[in-house]
Amino acid sequence: MPPLVSTIEIARPPAEVFAYVTDPAHFAEWQSDVVRVQEQAPGRFTTTRRIGPRERTYTQEVTESRPPAQWSVRGLDGPLRPSMTITVEPAADGTASRVTFALDFEPHGIGVPLLPLVRRQAAKGTPISYRNLKRRLESGVSK
């Protein structure tokens, strides 16, 4: 299956958007399902997400970081290992940004039959997070 791709325009410069959106310490501020994030080592962190009534913790590692243009991360454990690529492009002569999110999941074991359900849930929930991100950055809360 192809990744779930969403694009949003944010009225902030690319460097500012990139710095905020790729900092795991800010994930819980704009992603409503994130309970906490803990850095494990440079380029590796755990993200605890609320999925329905339960919490799940996933270890993730940064696989690419090219500020202020592209950042990729992949899950290392669990039955559904998420991967995300975030691309930030200048818009409006560099005073704004076009941000593209490509979210995918690699299923393992019990994750294989759960994949369609998780993709549907992600397709519903991620646009809310992206709107939260836009609202936060455009209101200046990220500073």
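Just above sits the structure.
Residues numbered from 1 in each chain as written. Predicted model: local features only at pLDDT ≥ 70, side-chain atom pairs only at ≥ 80, totals over all residues. Heavy atoms only, no water.

Q: Explain the pairing of strand β6 (residues 80-91) here, please?
A: On a regular strand, one side chain projects to one face of the sheet and the next to the other, so that they alternate. Both strand β5 (residues 70-75) and β6 contribute to a ladder of five bridges, which runs antiparallel. Along β6, the bridge assignment pairs R74 with S83. Looking at chain direction, β6 and strand β7 (residues 96-107) are connected through 12 bridges and run antiparallel. Its bridge partner being in β7, S83 is matched across the sheet by D104. Turn length for the β6-β7 hairpin, with the two strands adjacent in sequence and antiparallel, is four residues, and the turn residue A92 shows positive phi of about 50 degrees. (Pairing = 2+ DSSP bridges. Helix = DSSP H or I, 4+ residues; strand = E, 2+ residues; numbered from the N terminus.)

Q: Can you help me understand the layout of surface pockets in this one?
A: Where empty space is left can be seen by rolling a probe of water-molecule size over the atoms. Empty space within the largest pocket amounts to approximately 980 Å³. Lining the largest pocket are 37 residues, with D33, R49, I51, F105 and V118 positioned closest to its centre. For the lining of the largest pocket, the secondary-structure elements that each account for two or more residues are α2 (27-30), β3 (44-51), β4 (54-66), β5, β6, β7 and α3 (111-139). Ranked by residues supplied to the lining of the largest pocket, first place goes to α3 with 10 residues. Taken as a whole, the second largest pocket encloses approximately 150 Å³ of empty space. Looking at the second largest pocket, it is lined by 13 residues, and the ones nearest its centre are D23, P24, A25, E39 and F45. Broken down by secondary-structure element, the contributors of at least two residues to the lining of the second largest pocket are β2 (34-41) and β3. Counting residues per element, the lining of the second largest pocket draws most heavily on β2, which supplies four residues. (1 Å grid on protein atoms, 1.4 Å probe; cavity = no way out; pocket = protein on both sides within 12 Å on 5 of 7 lines; lining within 4 Å. Points joined across faces, edges and corners; volume = space filled by probe spheres on them.)

Q: How do you make sense of the nonpolar core when you look at a structure like this?
A: The nonpolar side chains of soluble globular proteins are, as a tendency, buried together. Counting 27 residues, the largest nonpolar core has W30, I86, V99, F101 and L133 as the members making the most contacts within it. Elements that contribute at least two residues to this core include exactly β1 (4-10), α1 (14-21), α2, β5, β6, β7 and α3. With six residues, α3 is the single largest residue contributor to this core. When neighbours within four sequence positions are excluded, W30 is seen to be in contact with Y20, V21, F101, S129, Y130, N132, L133 and R136. (Core = buried A, V, L, I, M, F, W, Y, C linked by side-chain atoms within 4.5 Å. Buried < 20%, exposed > 50% of the residue type's maximum accessible area, 1.4 Å probe, protein only. Contact = heavy atoms within 4.5 Å.)

Q: Can you help me understand the sheet that holds β6 in this one?
A: Sheets are built from strands paired through backbone hydrogen bonds, the pairs being either parallel or antiparallel. Read across the open sheet, the seven strands follow the order β1-β7-β6-β5-β4-β3-β2; overall the sheet is antiparallel. Single-partner strands in this sheet number two, and they are β1 and β2. Averaged over all neighbouring strand pairs, the angle between strand axes comes to 25 degrees, with direction disregarded. Sitting on the sheet, α3 touches β1, β6 and β7, and the angle it makes with β1 is about 5 degrees. (Axes fitted to C-alpha atoms, helices over the stretch in contact; angles between N-to-C directions.)

Q: How should I be thinking about the packing of α1 against α3 in this particular structure?
A: Axis angle and axis distance: for two packed helices, these are the angle between their axes and the distance between the axes, and together they describe the pair. Where α1 contacts α3, the two axes come as close as 11 Å, and the packing angle between them is 125 degrees. By the angle class used here, α1 and α3 are oblique. The way α1 lies across α3 gives a crossing that is right-handed. Each of E16, V17, Y20 and V21 in α1 lies in contact with α3, whose residues at this interface are L133, R136 and L137. Partitioning the contact of α1 with α3 into residue classes produces five nonpolar, no polar and two charged. (Parallel < 35°, antiparallel > 145°, perpendicular 65-115°, else oblique. Left-handed = near helix turned anticlockwise from the far one by under 90°. Nonpolar A, V, L, I, M, F, W, Y, C, P; charged D, E, K, R; others polar.)

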